[in-house]
Every structure is written in C-alpha cells, then in structure tokens.
Amino acid sequence: MSLVNAEGAADLLGALLDIPDTQDARSRYLSNVLTGFRDFFAVQSVTFVLGRDGRWEVDATAGTTGESGDSMRSLANTLPLTQISEAVDTGRISVDDDVCVVPLSEGPDSARQSAALVIHGAIDRARQDMIGDAAAWMNRMLVHVEASQNHRRRIEQQNLVLEASARWQQSESDEALLKAIADTACQLLHCERASIFLWDRRRGVLVGRPALGINGQTLEVPDNAGIVGEVLRTRKPCFWTDKSDKENRVNRNIDASLNFQTRSLLAVPMVGERDQVLGVFEVINHQHDSFADADAALLTDLAVHAAVAITSLRVKTKLAKSRDRLLKDAASSSVMIGQHATIRAVRENASKVAQSDLAVLIRGDNGTGKEVVARNIHFQSERREGPFIAVNCAALVESLLESELFGHEEGAFTDARRTRVGQFEAASGGTLFLDEIGDMSLAGQAKLLRVLEEKVIVRVGGTQTIPVDVRVIAATNQPLEDLIRNQRFREDLFFRLNVVPMNLPRLVDRGEDVLILAEHFLKQFRYEAGRVDLKLADDAKVGMLRYSWPGNVRELRNAMERACYLSTGDEISLPDLGLRGGQINSRGGSSMNRLLDAGNGELDRLTEATREFQIRHINGVIESVGGNMTAAAEKLGLHRSNLYRKMRQLGMSTSGG
Ligand SMILES: Nc1ncnc2c1ncn2[C@@H]1O[C@H](COP(=O)(O)OP(=O)(O)OP(=O)(O)O)[C@@H](O)[C@H]1O
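Starting afresh in each chain, residues are numbered from 1 along the sequence in its written order. Local features in a predicted model are, by the rule used here, given only for residues with pLDDT of at least 70; side-chain atom pairs are given and counted only at 80 or more, and totals for whole chains, interfaces and linings are based on all residues. The side-chain quantities take in all heavy atoms of the structure and omit both hydrogens and water.

Engineer: Explain the sheet that holds strand β4 (residues 99-104) residue by residue, including any values.
Structural biologist: By definition, two strands form a pair when at least two bridges between them are found by DSSP. In DSSP terms, a helix is any run of H or I states spanning at least four residues, a strand is any run of E spanning at least two, and both are numbered starting from the N terminus. Reading across from one edge, β2-β1-β5-β4-β3 is the order of the five strands in this open sheet, with antiparallel pairing throughout. Unpaired on one side and paired on the other, β2 (55-62) and β3 (94-96) mark the two borders of the sheet. Neighbour to neighbour, the strand axes of the sheet diverge by 20° on average, direction disregarded. With seven bridges connecting them, strand β1 (residues 45-52) and strand β5 (residues 114-120) associate as antiparallel partners. Among the inter-strand pairings, Thr47 is bridged to a residue of β5, identified as Val118. Only heavy atoms enter the contact rule, under which two residues are in contact if any of them lie within 4.5 Å. Interaxial angle, 0 to 180 degrees, is taken between N-to-C directions of lines fitted to C-alpha atoms, where a helix line uses only the stretch in contact. Taken strand by strand, helix α4 (residues 81-90) contacts β1, β2, β3, β4 and β5, and its axis lies near 40° from that of β4.

Structure below.
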C-alpha cells in the first residue's frame, strides 16, 4: 500500500476542515472525520473516547460494527483502558498489537478531562506521526465546531424564547402567565420543574408560583434564606447538585411537603424595568445531568422576557381596573333620576333600544336630560367600552362642519396642516351623540344622510372611503316637523334619525321628581363641598315645587350646587337657591305648593330681605373676628374660598379680606 492514498487524503482533509452547519454539528463532524481516518488509514475502526468523572466513555466511532447505542456500549466494554491511560498520561501514541491509542491534548469541552483516539488496525510506524498530526487537527477543529454548534443552538433557543414570550403576552391572568413561563422553562431546559418566586418586599418573602401548594398553602420562603435568597442578594445565577454541593443549601422541607426530591437546581434573578429585581426564576432536576453555564445563560434570557411579561400583565391589569373604574364613573353620569311615569317609560325604552343599533331621536327642551338619556343608552349597550362622543351641531359653522364630523387630510384647506380624524371616526366602535340636530345646515344634513346610509366617510380632501361602525343618537329642542314644512330640515334625514323617538318632558311637568332630583344633587354636592349634614329646608322644597324651572334639570342642578357651596347654616332655604322670582309658578298643584301662599312679589321681597340679612350677618361675623377671613369662614361653617364666593354672589366687596 502506498504511504498516501490521494483520494482518501482529500476526503480526510475535507472532513477535517468542513464544519457542518447543523444542529448536531459536533457528532456529524466527528462521524465524518472518524470515517475519514478509518478509510484513509485502512483500519477496522476509529473511536473517539472521553474521560469523564474518572471513567472512559465512547463519544463517537467509525467502524465496521456501526454506531448504534448497543454497539457503542459493547465497544465501551472492550476499550483498552490501560493503554488509553498510558497514552494520555505520557502524551505519546501507544501501539500494542493491532491497537493504536492517540492521546489528545485538553479539549474544548469544559466537562472533558481527557480524550483519545482508539484505532483498531495495523498502523505502521511511518504513519503514526501522520495520524497524530491529523488527530491534533481534529481536536483543534472541534473547538470551532462546538462553538458553532453552541452559537447555532443559542440562536435557536433565542427564537424559541421570543416565540414563547409572544405567547405569554396573550395570557389574561397571573396564574396562566406564570404557568406558561414555567412550562416553557421545563421544555427548553429539559428539567422536571420550574418555579417563579415573586418577591414581596413588604413582607420579606418570596412567593413561589405557579401554585406549588404546600398543604393547600402557597409556597412562601423568607427572602434571605436558601438558594433563592442568595440569588436575590447577589443577583447572580446559582447552581446546586446533590452530587457535590452542601445538602443544607436546599430546603428539604419543601421537598417533603411536595413529595419531591431535588437532585439538581439552577436559579437566576428576574430583573425588571429600572433594574428592579422582581424575584427569582428556578429550575429543578435536569433530566440528564446537572445544569451547566449554557443553561444559566438560557434561563437568564427567559427571566428577562418573563420579567417583561409579568410587568406588562401587571400594567395591563392596572389599566383594565382603572378603565373599569372610569367606565363606572362615566356610567354613573348617565343615571336617569326620577319616578314620574314619563321618565320611567324613557328609562324602559332606553334599556330596550340599548340592545340594538337603532337610530334614536331624543326630543325635549334645553336641560331636560337629552344627553343623559343618550349616555344611558350607550352605557347599557354592547358599545359601552367604546367611545361616547357628543357633538353640538349648533356650534358647527358650515365651513367647519364637514371637517369636524368627517375629518380632513393634510393640506385639504389652508389651515389643514395635519391630517385630522373626524368625530365619526373617533366614535368608531361607540356612540356619536348629535345634539341640536335641528340647527344643522341643509348642506350638512345632506352629507350626514349619506354617511348614515352608506356607513362610510371620506375625509375632506381625501379620496379613500373609511368604514365607520357608529351608533348615532340625535337630539333636538326644535319642532322638526315645522322645520320640515319650512324646508329647513330634510324629511328623509328625519325618518332616518327618528326610528325610535323619545320625548323628555319639562321639569315643571314631572311633579315631585323635582324634589327627588334635588335630593340627588344635594347628596352629590354636599359631599363635594364637605358639608355632609346639609339639608333642604321646607320653604326651599315648597318653592322648588312652585318654580317653573325654565332651565329644567340643568337649572335645578346648578341651583343645588350653588346652594351647597354658598348657603350658611345647616339647611338650604329658598333664598339660597337663587331662583328667579318671576318664574315662580302659582298654578302648582302639589300639596307642597299649597303650603306656600306667598305671591311672586312676596317671594321677591323675601329673597331681597334674605340677601340683606346674609350681608349683615357675614359682616357681623367678620367684624367679630377682627377681619380674619379664615376665622370668619370657620365661624360660618364654610370653607374660606366658599365664603369669598358667597360674598361675591351677594355683591359684597372681598378686597378687604
Ligand atoms: N333624569 C336626570 N337624572 C339626573 N341628572 C339629570 C337628569 N336629567 C338631566 N340631568 C342633569 O342635568 C344636566 C343637563 O342634562 P343634559 O345635558 O343631559 O340636558 P340636555 O337636554 O342634553 O341639554 P341641552 O339641550 O341644553 O344640551 C346635566 O348635568 C345632567 O346630568
């Protein structure tokens, strides 16, 4: 046989230099190279052995017997152990009969203590140096192969971590999220169990999740104890294995309660935003062996993503809570107070129409609660989480109407410096309340009708149609039928809007609802004014029932608000309400009305007399405390700012105070 087989040499060289770009790069590389050795040197087999924990293991082989698990095991049993040790110890090739052992200098694998090639087959002296050189090459190349494989594995793991963290973002609850994180960790790190210990700083404990129950309790450990405590303190990964580490570092009580045996453990800190430690991420019992540095790197990556997911779920939960609170607050502004039959009927109708998207036209005088009804419908409907947008059509000048309702594109007109979304788009998914619809211009009405029919808008200056999903509720205090007759309102638009008509009576026609509403506003404003014991005096009640309320509920609300802040004493009396004397209704039919037999003129005089009395009283009190306004306000049972307000209302000078 010639010393060099050219074809075999090229194959061996190719195998030595070629780093496979696969997940199993290392074993593939070894397999190719060992096969190259076998063919080139024409031997029976070439085996790569590793010394680990004082034992020799077959890592890869190329021979006639194949590479199955069984043949590898039987090969391990027939290794020339003495010869291998001798070669490794002396660092020289050892040849005995037809077995040649080539020692390899310390390898790239950190866990590996020593390595060698075991060759079955005759190798003459001349080729022993050659095989020694080639083996050294292989050994050096293995460093790169392993680095490349690790690099590739890391990229794949990063992708898996990213995919997992995208899935975590979908979790709706803490429990589901923590379980998903733990499952991912078990899967990627090949371990039996994973737990996240969230740090409760206030109580000084780490709370283990997901639900690792000890006798039905949550798993809690002091934040300064054990391995998790150590990780929290040092902010560094911590390894433990029952083979080599101190037993007392793990808490065997937990094992006992969970009927579990910890054999190996790895814990890393979970660091969140602004470098804050959220807790500790722990994995237990590697399926094959103890945890390595690469596992710590992977778990640290997972912990970063876990911290982000946990924080963002907390933010999401907080936002959802405050959204619910806001929704509740907003919904409370839509509560329709009143027991009058007409109001009851409106309430019932509102509940019914809320379940549909039918157009509603609410009619009634100013301040009768048209917007309250519209809000009430919105907050009872499926759209309650969408926006409620109110537009006062009377306030829209013709030139702005279209842009206000439908938006405009940048440069659509001189002042259109930026694209602007109109109210229709802004209300998408919710309700658009078009107040004072009777005041809309005819051109505006035509545009509105088209949008209602086609359910799409086109921004001013734009060409694209934009679909809008909006429920429209319109309101007016105008007699639309008259406007239609005078050709100031389009009949077709009227029919489109008036699918469900609702009429709100004037407050004066709602009987004792006046007092029910007054008590409602009293409760609200006396609380805001910090005067929780404030009551309505009888004369105020009677006066309210006799009053004609030209401004309807809005006027009543304002009167109550003013009185809650400005009245003196424990009761709100009639003058405190500041009602317009000329509007007192002497036709009143309620029993209360009859209690008050004062005519309008008398009431006027009464109001004036009370005003004078209040001025005298306030001046007296200010004088008695030597002009100290804070003390005067206190003596009068008012906040200092309310005293000033009251004085201004009474026309008194406040500059001296
Ligand atoms: N039934 C009611 N229960 C509680 N508050 C009400 C009721 N009706 C009206 N209000 C209150 O009265 C005020 C005026 O109501 P709203 O704005 O709904 O009236 P409107 O008819 O839309 O007025 P306008 O025609 O002037 O726009 C609001 O502060 C509202 O909260």
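Engineer: A description of the pairing of β2 should follow, citing residues and the corresponding values.
Structural biologist: Across seven bridges, β1 lies against β2 in antiparallel orientation. Its bridge partner being in β2, Thr47 is matched across the sheet by Thr61. The loop that links β1 with its antiparallel partner β2 comprises two residues; one of these, Asp53, has a positive phi angle of about 50°.

Engineer: Could you give an account of the sheet that holds strand β13 (residues 388-392), with specific residues and numbers?
Structural biologist: Strand order across the open sheet formed by five strands is β13-β16-β19-β12-β20, with parallel pairing between neighbours. What marks the edges here is a single partner per strand, and that holds for β13 and β20 (500-503). Recorded for the sheet is a direction-independent mean angle of 20° between the axes of neighbouring strands. Pairing geometry for strand β16 (residues 431-435) and strand β19 (residues 471-476), over four bridges, is parallel. By the bridge assignment for β19, Leu432 is matched with Val472. Lying on the sheet, helix α10 (residues 341-354) is in contact with β12 (360-363), β19 and β20; it crosses β20 at an angle near 155°.

Engineer: Residue-level account of the pattern of salt bridges, with values.
Structural biologist: One speaks of a salt bridge when a side-chain nitrogen belonging to Lys or Arg is within 4 Å of a carboxyl oxygen belonging to Asp or Glu. Following the criterion strictly, the structure yields 27 salt bridges and no others. In this structure, the salt-bridge partner of Asp21 is Arg152, at a minimum N-O distance of 2.9 Å. Highlighted residues: Asp21 in the loop between α1 (6-17) and α2 (25-41) and Arg152 in helix α5 (residues 125-168), separated in sequence by 131 residues. Each residue is placed in one exposure class: buried if its accessible area under a 1.4 Å probe, protein chains only, is under 20% of its type's maximum, exposed if it is over 50%, and partly exposed if it falls in between. On the basis of relative accessibility, which here comes to 61%, the residue Asp21 falls in the exposed class.

Engineer: I'd love a proper account of unusual backbone geometry, names of residues and values included.
Structural biologist: Even without being glycine, Lys455 reaches a positive phi, approximately 55°. Its place among the elements puts Lys455 in the loop between α14 (442-454) and β17 (456-457). One non-glycine residue, Gln487, adopts positive backbone phi at about 60°. The exposed category is assigned to Gln487, whose relative accessible area is 63%.

Engineer: Which residues make up the environment of Leu319, and what are the values?
Structural biologist: Relative to the helices and strands, Leu319 is located in helix α9 (residues 293-332). Residues Leu319 and Glu425 lie 106 residues apart in sequence; the distance between their C-alpha atoms is 24 Å.

Engineer: Which residues make up the packing of aromatic side chains, and what values do they have?
Structural biologist: Put simply, two rings from Phe, Tyr or Trp (the six-membered ring, in Trp's case) pair if the centres are within 6.5 Å, and we call them stacked under 30 degrees between planes, edge-to-face over 60, tilted for the rest. Summed over all chains, the structure comprises seven aromatic pairs. Arranged with centres 6.1 Å apart and planes meeting at 25°, the rings of Phe37 and Phe41 form a pair that is stacked. Of the two residues, Phe37 and Phe41 are both situated in helix α2; the distance of four residues between them amounts to about one turn of the helix. Taking the relative accessible area as the measure of exposure, Phe41 reaches 1% and is therefore buried. Here the aromatic residues Phe37, Phe40 and Phe41 are joined through ring pairs into a cluster of three or more. In this scheme, Lys NZ or Arg CZ marks a charge over a ring once it lies within 6 Å of the ring centre and within 35 degrees of the ring normal. The lysine or arginine in question, Arg140, covers the ring of Trp137, its NZ or CZ lying 5.7 Å from the ring centre. Over the ring of Phe260 we find Arg193; its NZ or CZ atom is 4.1 Å from the centre of that ring.

Engineer: Describe in detail the site of the ligand, supporting the description with residues and values.
Structural biologist: Contacts to the ligand come from 17 residues, most closely from Ile337, Lys370, Asp435, Arg554 and Arg557. Pairing of N or O atoms within 3.5 Å defines a polar contact, subject to two protein rules: one partner must be a possible hydrogen donor and the other a possible acceptor, and residues neighboring in sequence count only if both atoms are side-chain atoms. Gly367 places a main-chain nitrogen or oxygen 3.0 Å from an oxygen atom of the ligand. Note that an oxygen atom of the ligand is positioned 3.0 Å from one of the backbone N or O atoms of Glu371. Each accessible area value is a Shrake-Rupley result obtained with a 1.4 Å probe; residue values ignore everything except the protein chains displayed when judging cover. Taking 630 Å² as the accessible area of the ligand by itself, protein coverage stands at 87%. Those elements giving two or more residues to the shell around the ligand turn out to be α11 (370-380), α17 (513-528) and α19 (552-566). Amino acid classes used here: Ala, Val, Leu, Ile, Met, Phe, Trp, Tyr, Cys and Pro are nonpolar; Asp, Glu, Lys and Arg are charged; the rest, including Gly, are polar. A per-class count over the shell around the ligand returns seven nonpolar, four polar and six charged. Note that domain bounds follow an automatic or database assignment of domains. Two domains each put at least three residues into the shell around the ligand: domain 3 (333-505) and domain 4 (508-649). Here, proximity means that at least one heavy atom of the residue falls within 4 Å of the molecule or strand.

Engineer: Got a sec to walk through the nonpolar core? Specific residues and values, please.
Structural biologist: The biggest cluster of nonpolar side chains holds 32 residues, and the ones touching the most others in it are Met270, Phe281, Val283 and Leu302. Every element with two or more residues in this core is listed here: α5, α6 (174-189), β6 (191-200), β10 (264-271), β11 (277-286) and α9. In terms of residue count, the dominant contributor to this core is α9 (10 residues). Nonpolar cores are built from buried Ala, Val, Leu, Ile, Met, Phe, Trp, Tyr and Cys residues. Side-chain atoms within 4.5 Å join them into one set.

Engineer: Would you mind going over the environment of Val500 in detail, with residue names and values included?
Structural biologist: Mapped onto the elements of the fold, Val500 is located in strand β20. Non-local contacts of Val500, meaning those with residues more than four positions away in its chain, are made with Val353, Leu358, Ala359, Val360 and Leu361.

Engineer: Any chance you could break down helix α24 (residues 640-649) for me, citing the residues and the numbers?
Structural biologist: All buried positions along α24 are accounted for by Asn642, Leu643, Tyr644, Lys646 and Met647. Looking at the residues trailing α24, positive phi occurs at Gly651, about 80°.

Engineer: Lay out a negative patch on the surface with the relevant residues and their values.
Structural biologist: Note on patches: the residues involved have over 30% relative accessible area and no salt bridge, like charges join within 9 Å, and the nonpolar side chains Val, Leu, Ile, Met, Phe, Trp and Tyr join within 5 Å. In this tally, Asp and Glu contribute negative charge and Lys and Arg positive charge; neither His nor the terminal groups of the chain are included. One atom stands in for each charge, and that atom is NZ of Lys, CZ of Arg, CG of Asp or CD of Glu. A surface patch of negative charge is lined by Glu86, Asp89, Asp96, Asp97 and Asp98. As for its position among the elements, Glu86 is in helix α4. Overall, the relative accessible area of 46% leaves Glu86 in the partly exposed class.

Limitation: the analysis is restricted to geometry and does not speak to function.
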